[in-house]
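Notes for the structure review
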Amino acid sequence: MEIEPLLMTPVQMRAQSHLGEEQQPEPPKSFGEFLVDCLKATNELHHQSEALNAALAAGRVEDVSQVMVAGQKAEIAVQLALQLRNRAVSAYQEMMRMQV
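Below is a short write-up of the structure. Worth saying up front: this structure is predicted, and the values here are computed from it rather than measured.

1. Thoughts on the overall build of the protein chain
- Of the regular secondary structure elements, the protein chain holds two helices and zero strands.
- Taken over 100 residues, the protein chain has a buried fraction of 8%.
- Element-wise, carbon and sulfur atoms account for 60% of the exposed surface of the protein chain, whose accessible area totals about 9700 Å².

2. Here we look at the packing of helix α1 (residues 31-58) against helix α2 (residues 64-97)
- One way to put it is that α1 packs onto α2 with a least axis distance of 8 Å and a crossing angle of 150°. Judged by the inter-axis angle, α1 sits roughly antiparallel to α2. For the element pair α1 and α2, the recorded crossing hand is left-handed. The residues of α2 that touch α1, namely those facing Leu39, Thr42, Leu45, His46, Ser49, Leu52, Asn53 and Leu56, are Val64, Gln66, Val67, Ala70, Gly71, Lys73, Ala74, Ala77, Val78 and Ala81.
- Here the residues of the contact of α1 with α2 sort into eleven nonpolar, six polar and one charged.

3. Thoughts on the side chain of Thr42
- Along the chain, the position of Thr42 falls in helix α1.
- Thr42 gets classed as buried once you look at its relative accessible area, which sits at 16%.

4. Overview of α2
- For α2, built from 34 residues, the straight-helix expectation of 50 Å at 1.5 Å per residue is met to within 8% by its first-to-last C-alpha distance of 50 Å.
- All buried positions along α2 are accounted for by Val67, Ala70, Ala74 and Ala77.
- In this fold, the buried residues of α2 make contact with α1.

Cut-offs and rules
- Residues numbered from 1 in each chain as written.
- Predicted model: local features only at pLDDT ≥ 70, side-chain atom pairs only at ≥ 80, totals over all residues.
- Heavy atoms only, no water.
- Helix = DSSP H or I, 4+ residues; strand = E, 2+ residues; numbered from the N terminus.
- Buried < 20%, exposed > 50% of the residue type's maximum accessible area, 1.4 Å probe, protein only.
- Areas by Shrake-Rupley, 256 points an atom, 1.4 Å probe, with all protein chains shown as cover.
- Axes fitted to C-alpha atoms, helices over the stretch in contact; angles between N-to-C directions.
- Parallel < 35°, antiparallel > 145°, perpendicular 65-115°, else oblique.
- Left-handed = near helix turned anticlockwise from the far one by under 90°.
- Contact = heavy atoms within 4.5 Å.
- Nonpolar A, V, L, I, M, F, W, Y, C, P; charged D, E, K, R; others polar.
- Expected span 1.5 Å × (residues − 1).

Structure (structure tokens):
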């Protein structure tokens, strides 16, 4: 019994709208753009957490769990950003130690 290899050809997805226009795929983001978007999202989570903490202090929040969840999300996002920064600095230092 002979086994033939699978032929893996790229599949092109074409979506047709009922209105007749064609959808253009978004160009891939560069690493810098992706990093800036992630830092903006981290900053937004931090601002939301601060706003909820202020509302809690003012007595306008009835559910304390919302404040705690927002605070934890912001803390985890900041910790992730710090770890990414640490890894990038470590990789840069390692490349600078390389002898050419």
